[in-house]
Amino acid sequence: MSIPINNLYEGSDIQKMEKIVINGGTPLKGSVEISGAKNAVVAILPATLLAQDVCRIENIPDISDVTIMLKILSQLGAQVKMINRSTYEIDTRGVNSYIVPNEHTKHLRASYYMLGALLGRFNKAKVSMPGGCWFGVRPIDLHLRGFELLGASVSIDNAMVNAEAEELVGSVVYMDTVSVGATVNVMLAAVKAKGQTIIENAAREPHIVDLANFLNSMGADIRGAGTDTIKIYGVDELHGCTYSIIPDQIEAGTYMVAAAATKGDVVIKNVIPKHLESITKKLLDCGVEVEEYDEAVRVSCSGRPLRCNVKTMPHPGFPTDMQPQMTVLLSIADGTSIVSESVWDNRFRYVDQLLRMGANISVEGKVAIVQGVEKLYGAPVGADDLRAGAAMLIAAFAAEGQSLIENLSHIDRGYERFVEKFRNLGADIQRVEFPDPEEESAESVG
Ligand code: EPZ
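Right, let's walk through the structure included here. (Residues numbered from 1 in each chain as written. Predicted model: local features only at pLDDT ≥ 70, side-chain atom pairs only at ≥ 80, totals over all residues. Heavy atoms only, no water.)

Counting residues in each nonpolar core, the largest one holds 81 residues, and the members touching the most others are L45, M114, M187 and L215. Every residue in contact with L215, bar those within four places of it in the chain, is listed here: A47, L50, M187, L188, V191, A220, I222 and L238. The next biggest cluster of nonpolar side chains, apart from the first, holds 71 residues, and it includes A259, I279, L283 and A395. (Core = buried A, V, L, I, M, F, W, Y, C linked by side-chain atoms within 4.5 Å. Buried < 20%, exposed > 50% of the residue type's maximum accessible area, 1.4 Å probe, protein only. Contact = heavy atoms within 4.5 Å.)

Pasting the structure below:
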């Protein structure tokens with residue numbers, strides 16, 4: 001049974017009226033299934049534009065970033081068929097446009113992957129500058145430089161990125177900074193370019209490898225993904241395929257830290273333990289127990305976590321997308337920890353919300369000094385961005401008393417059915433509609 005994509009998108013406006021209500025203090029216990037990886041699927045969906053056939057993609061997470069990406073594809077002219085909640089068939093043969101307007105790109109950082117995919121398909125792309133989480137300046141100079149090295153002329157006017165090439169020709173692309181997005185975009189533009197492309201100082205994240213595996217299953221010739229040197233031999237055509245998205249490393253890490261922060265005992269299923277190594281290592285440093293199985297990890301913590309230092313790095317280092325969650329755990333650890341953010345300029349905005357809950361953290365630029373306190377106390381807080389929202393959930397579960405969390409649309413971008421999953425672990429969590437204060441005050445004035 002297939003549901004037209006439009007029905008999936010309507011009605012999301014009510015989310016801004018909703019809040020999460022959590023009564024904290026309950027240790028999380030039981031098991032949870034991890035969904036497909038957000039940062040893999042938002043790269044793989046645009047890649048379907050490069051296939052001259054139908055792609056069946058499985059283990060797609062039911063999150064709003066996916067809904068928006070599928071909407072963009074369908075508006076470009078693709079046929080998007082929902083087979084079930086986590087499986088779609090995408091046929092891009094009918095795509096007849098290379099233009100992606102601001103309407104959707106403003107909500108989704110990864111919309112800029114449409115640049116590499118449309119350039120690779122049509123030698124032409126016109127995509128509005130992306131939106132997404134704000135933690136400082138997020139330039140795209142490395143993406144654009146990569147397109148130019150492949151022979152495209154690039155310009156930005158009226159917040160639209162224009163890229164066009166007579167012919168795309170392979171080149172050596174050295175990334176001044178390790179960049180997930182730029183590595184993805186150059187891969188997408190290069191798979192059908194003439195000759196060989198080498199990406200030096202490439203990102204090595206699991207979602208880079210997943211994209212390469214997807215493209216290779218369509219007939220591309222990509223070698224070295226997962227290392228800092230990726231070689232791409234251009235091919236003339238890519239066919240359809242059936243592919244299953246890898247489990248989400250960051251969703252898994254979020255549940256691991258939630259188990260530890262609530263002194264719980266949780267089995268996190270459908271994971272690739274190798275992808276979680278840096279998170280596991282840090283939890284072990286904090287005195288948390290982590291047992292590894294083939295496709296699961298078990299996390300338990302009976303006492304107060306120990307302090308430890310964390311420095312975020314590109315994969316295989318400790319992921320920046322786990323920094324807010326880890327800081328929550330350290331905020332109730334026994335001792336003082338130092339958290340250094342080496343990827344983003346300003347990813348500690350959420351600390352203000354933790355201070356409202358009784359945390360003792362001071363931020364100096366890209367370093368946070370976290371003095372562990374005995375406990376946090378429930379409070380009304382907001383989610384500043386996706387992973388900050390996840391951190392607020394963990395803090396509320398660990399805190400004594402009731403917390404209210406707003407701006408849920410951030411959390412819905414990357415955590416499938418998180419209320420249901422946490423409730424199944426014993427959390428006292430509700431998603432409640434509240435009257436909109438703006439509307440209420442307007443009525444009272446009227
Ligand atoms: C991806 O963002 C992820 N998003 C982010 O996850 C993640 O934090 C980040 O990679 C790092 O792992 C998606 O995959 C959709 P980058 P991206 O390019 O690609 C600088 C989440 O929570 N840079 O690897 O935008 C940049 O300023 C999100 O799921 C340039 O200077 O990150 C940063 O300092 C949040 N020029 C560093 O590189 C460029 O052209 C790494 O950024 C591009 C990046």
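Attention shifts here to the sheet that holds strand 15 (residues 265-269). Ordered by their spatial adjacency, 4 strands build an open sheet running 2-15-17-16, and the pairing between neighbours is mixed. The sheet terminates laterally at strand 2 (29-33) and strand 16 (289-292), the two strands that pair on one side only. Going from strand to strand, the sheet's axes swing by 15 degrees on average, the running direction of each strand aside. (Pairing = 2+ DSSP bridges. Helix = DSSP H or I, 4+ residues; strand = E, 2+ residues; numbered from the N terminus. Axes fitted to C-alpha atoms, helices over the stretch in contact; angles between N-to-C directions.)

Moving on to the pattern of salt bridges. Counted by the stated rule, this structure contains 22 salt bridges. Ionic pairing is found between R56 and E58, a salt bridge with its closest N-O pair at 3.3 Å. Overall, the relative accessible area of 27% leaves E58 in the partly exposed class. Close ionic contact of E251 with K421 constitutes a salt bridge, the shortest N to O distance being 2.7 Å. Residue E251 is found in helix 9 (residues 249-261), and its partner K421 is found in helix 15 (residues 418-423); the two are separated by 170 residues along the sequence. Per residue, the accessibility class of E251 equals that of K421, and both read buried. A single salt-bridge network, built from bridges that share partners, covers E18, D412 and R431. (Salt bridge = Lys/Arg side-chain N within 4 Å of Asp/Glu carboxyl O.)

The next subject is the packing of aromatic side chains. Using the criterion set out here, one finds 5 aromatic pairs in the structure. Relative to Y243, the ring of F214 lies with its centre 5.5 Å away and its plane at 75 degrees, an arrangement referred to as edge-to-face. Taken as a pair, F214 in helix 8 (residues 206-217) and Y243 in strand 14 (residues 241-244) lie far apart in primary sequence, 29 residues in all. As far as burial versus exposure is concerned, F214 and Y243 are alike and both buried. Considering the side-chain rings of Y255 and F422, the 4.5 Å spacing of their centres and the 25 degrees angle between planes classify their relative orientation as stacked. Highlighted residues: Y255 in helix 9 and F422 in helix 15, separated in sequence by 167 residues. We note K19 situated over the ring of F434; from NZ or CZ to the ring centre the distance is 5.0 Å. (Phe/Tyr/Trp six-rings, centres within 6.5 Å; stacked < 30°, edge-to-face > 60°. Lys NZ or Arg CZ within 6 Å of the ring centre and 35° of its normal.)

A separate point is empty space enclosed by the protein. Under the counting rule described, the total for this entry stands at 3 cavities of 30 Å³ or more. Around the largest cavity, the lining residues are A37, N39, P206, H207, I246, P247, D248, Q249, I250 and R387. Those elements giving two or more residues to the lining of the largest cavity turn out to be helix 8 and helix 9. Considered class by class, the residues forming the lining of the largest cavity number 5 nonpolar, 3 polar and 2 charged. Built from parts of two domains, the lining of the largest cavity gets at least three residues from each of domain 1 (16-35 + 248-440) and domain 2 (38-244). (1 Å grid on protein atoms, 1.4 Å probe; cavity = no way out; pocket = protein on both sides within 12 Å on 5 of 7 lines; lining within 4 Å. Points joined across faces, edges and corners; volume = space filled by probe spheres on them. Nonpolar A, V, L, I, M, F, W, Y, C, P; charged D, E, K, R; others polar. Domains from an automatic or database assignment.)

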